[in-house]
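# Descriptive structure summary
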Amino acid sequence: MTAQDCFLVKAGGGLKGAATVPGDKSISHRAVMFGALAHGITRVRGWLAAGDTEASLASVQALGIPIERHGKNDLTIHGGPFLPPGAPLNLVNAGTGIRLLAGMMCGQPFESVLDGSEQLRRRPMKRIITPLRMMGADISGVNDRAPLTIRPAGLRGFIYEMPVASAQVKSAVLLAGLFAEGATAVVQPGPARDHTERMLRAMGADIVTDGNRIVLMPNGELRPLDLTVPGDISSAAFPLVAALLVPGSDITLTGVNLNPTRTGLLDVLRRMGADIAVTETGLEAGEPVGTIRARHSMLKGVEVGGNVVVEMIDEFPILMVAALAAEGETVVRDAAELRVKETDRISVMAAELAKLGANITETPDGFIIRGPQTLKAATVDGHDDHRIAMSLSVAGLVAGGQTTVLDARCAGDSFPGFAETMAALGADISQRALTPP
Ligand code: S3P
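Predicted, not measured: the structure shown is a model, and the values here were computed from it. (Residues numbered from 1 in each chain as written. Predicted model: local features only at pLDDT ≥ 70, side-chain atom pairs only at ≥ 80, totals over all residues. Heavy atoms only, no water.)

Take the sheet that holds strand β17 (residues 287-295) next. Pairing is mixed in the open sheet, where four strands are placed in the order β2-β15-β17-β16. With one partner strand each, in any of the chains shown, β2 (16-20) and β16 (275-284) form the two edges of the open sheet. Taking the axes of each pair of neighbouring strands and ignoring which way they run, one obtains an average angle of 15° across the sheet. The sheet contact formed by β16 and β17 spans nine bridges and is antiparallel. Looking at the pairing, Asp 275 lines up with Arg 295 of β17. Set on the sheet, helix α8 (residues 233-245) makes contact with β15 (250-257), β16 and β17; between it and β15 the angle comes to about 170°. (Pairing = 2+ DSSP bridges. Helix = DSSP H or I, 4+ residues; strand = E, 2+ residues; numbered from the N terminus. Axes fitted to C-alpha atoms, helices over the stretch in contact; angles between N-to-C directions. Contact = heavy atoms within 4.5 Å.)

In structure tokens form, the structure reads like this:
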């Protein structure tokens, strides 16, 4: 048996004080990839050094782009033309990494293979293969999954009506569009996160957004970037919900990205009666940044569906934990995308929370939770899915007794230092090496 990490969580007193969270994962992937594409030197401060983003950084280095590191979180990227990689690029667990890089690789004059972990090989890639082929790309997968093989081909711009609101698909198409002849337009069914558009625009790309339609016209070289990555609201979500649930809590999270395409959880929690105060403090990397204060609150059930779903797509595992504490019924619809994330996040969360005594009704595109429900401590499994492992830890804080979250190392895919950050706020969470029997 190999050793693995687990979280040991004990229910306890309120969370107090101020904290920062690591850099935004979506922006960190893009900073390293787009910085590599630009001609010249890009500087990035506060970059997220985590499992997923390190995989993107290593892939870009394998394409011949020199990157200097100053400590873990500050990068100097010497952008320029890519060289053929000597081996398949390994994106490990990073869905954003593989899908965005695939768009970029379709425009290169050499063959590349993009691969990753067993978990990544299970995730759907047809959603990018189809539109990239419509542009003329030579891209194929194994049963439409990774490994993806991409060969040189001429690309043409086109208009793509995206069937699902996905920032990864939108970004793959727009990035290929940088190498295409003519304009590329993407029409999205909902407001998927717009970091690609913001960053490419800041780099001098001709990219125009009009409601849900984004049009990119290739206009030559991208300018290098100089940016500080704001804190990830998807990571802030864990201490935030913990503070709402544990009596006596009052915490402040500073330097958090407040891009409106990412703040759906704040809107939904407010509708549930959460005491959350948000103060915008400025702009970082073209994104609004600010402080979030959260205090213990009595929550009530809520209906969630429509456009807000994509604005909080990564926050449903932690919303489930909040809904269990809320008085009344929480009904989530239009969230079938949750079934094709790192895991099927509806089924996995329902099954793991059931071990803590919860009763959750799954629906094809969401779930129903009738609260409040009392949780009891147990041993649960993180399923190599960072957001599952961290959500279960927060559930453990209100489960009475000691909860063990197995397979917890994956938290470092997006939130290195999760246990330390929570502990600094007063939560009884620690990360331990564990050798299973
Ligand atoms: C991301 C987009 C989302 C999100 C993922 C990061 C991105 O995925 O779930 O964690 O950085 O573009 P989809 O675009 O597939 O919904």
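So, next bit.
This part covers the site of the ligand. Taken together, Ser 26, Arg 30, Thr 96, Ser 166, Ala 167, Gln 168, Arg 193, Ile 313, Asp 314 and Lys 341 make up the full set of residues near the ligand. Taking Ser 26, its side chain carries an N or O atom lying 2.7 Å from an oxygen atom of the ligand. A distance of 2.9 Å is found between an oxygen atom of the ligand and a side-chain nitrogen or oxygen belonging to Ser 166. Compared with its free state, where it exposes 380 Å², the ligand has 96% of that area covered by protein. (Near = heavy atom within 4 Å. Polar contact = N/O pair within 3.5 Å; in protein donor to acceptor, adjacent residues only side chain to side chain. Areas by Shrake-Rupley, 256 points an atom, 1.4 Å probe, with all protein chains shown as cover.)

Between two aromatic rings, the relevant description is the distance of the centres plus the angle of the planes. All chains considered together, the criterion is met by four aromatic pairs. Pairing Phe 238 with Phe 418 gives two aromatic rings, centres 6.2 Å apart and planes at 80°, and the pair type is edge-to-face. Taken together, the residues Phe 238 in helix α8 and Phe 418 in helix α13 (residues 418-424) connect sequence positions 180 residues apart. As far as burial versus exposure is concerned, Phe 238 and Phe 418 are alike and both buried. (Phe/Tyr/Trp six-rings, centres within 6.5 Å; stacked < 30°, edge-to-face > 60°. Buried < 20%, exposed > 50% of the residue type's maximum accessible area, 1.4 Å probe, protein only.)

For helix α2 (residues 51-62), which comprises 12 residues, the first-to-last C-alpha distance of 17 Å matches the rise-based estimate of 16 Å (1.5 Å per residue) to within 8%. Among the residues of α2, Asp 52, Thr 53, Ala 55, Ser 56, Leu 57, Ser 59 and Val 60 are the ones counted as buried. The elements touched by buried residues of α2 are α1 (25-37), β4 (67-70), β5 (74-79), β6 (89-90) and α3 (95-105). Downstream of α2 by one or two residues, Gly 64 has phi in the positive range, about 90°. (Expected span 1.5 Å × (residues − 1).)

The next thing to look at is the side chain of His 195. Along the chain, the position of His 195 falls in helix α7 (residues 195-202). One polar contact links His 195 to Glu 287, side chain to side chain, over a distance of 2.8 Å. Contact partners of His 195, with chain neighbours within four places excluded, come to Asp 24, Ser 26, Ile 27, Arg 30, Asn 257, Asn 259, Arg 262 and Glu 287.

Here the focus is the pattern of salt bridges. A full pass over the atoms with the stated rule returns 25 salt bridges. The partner of Arg 123 in a salt bridge is Glu 342, with the nearest N and O atoms 3.8 Å apart. With Arg 123 in the loop between α4 (118-121) and α5 (126-134) and Glu 342 in the loop between β19 (328-332) and α11 (345-355), this pair connects stretches of sequence that are 219 residues apart. You'll find Arg 123 and Glu 342 in the same group, each marked buried. (Salt bridge = Lys/Arg side-chain N within 4 Å of Asp/Glu carboxyl O.)

Per the domain assignment, the segments of the chain are domain 1 (4-23 + 230-434) and domain 2 (25-228). Placing the centre of domain 1 and that of domain 2 at their C-alpha centroids yields a distance of 28 Å. The interface is formed by 32 residues belonging to domain 1 together with 27 residues belonging to domain 2. In this assembly, domain 1 packs against domain 2 so that about 2300 Å² is buried in total across both faces, 45% of it on carbon and sulfur atoms. Counting the surface domain 1 buries against domain 2, the share from its top three residues, Val 310, Glu 342 and Asp 413, is 23%. Counting across the domain 1 and domain 2 interface gives three salt bridges. Notably, a salt bridge pairs Asp 314 with Arg 193, separated by 3.2 Å at the nearest N-O pair. Those elements that provide at least two residues to the side of domain 1 that touches domain 2 are β17 and α12 (386-396). Here the side of domain 1 that touches domain 2 is built from residues that sort into nine nonpolar, 10 polar and 13 charged. (Domains from an automatic or database assignment. Buried area = accessible area lost by both parts, 1.4 Å probe. Nonpolar A, V, L, I, M, F, W, Y, C, P; charged D, E, K, R; others polar.)

A separate point is the sheet that holds strand β13 (residues 213-217). Paired through their backbone hydrogen bonds, the strands of a sheet run either parallel or antiparallel. In spatial order, the strands read β10-β11-β13-β12; together these four strands make up an open sheet with mixed pairing. The open sheet terminates on both sides in strands that have one partner only, identified here as β10 (159-161) and β12 (206-210). With strand direction ignored, the average angle separating the axes of adjacent strands in the sheet is 15°. Pairing of strand β11 (residues 184-187) with β13 involves four bridges; the strand directions are antiparallel. Residue pairing in the sheet places Ala 185 in a bridge with Val 215 of β13. Each of β12 and β13 touches α7; the most contacted strand, β12, lies at about 140° to it.

Here we take up the side chain of Arg 127. Mapped onto the elements of the fold, Arg 127 is located in helix α5. Judged by relative accessible area, Arg 127 falls into the buried class, the value being 19%. A distance of 2.8 Å separates polar atoms of two side chains, one belonging to Arg 127 and the other to Glu 337. Residues in contact with Arg 127, not counting those within four places in the same chain, are Arg 99, Tyr 160, Val 164, Ser 166, Val 169, Glu 337 and Val 340.

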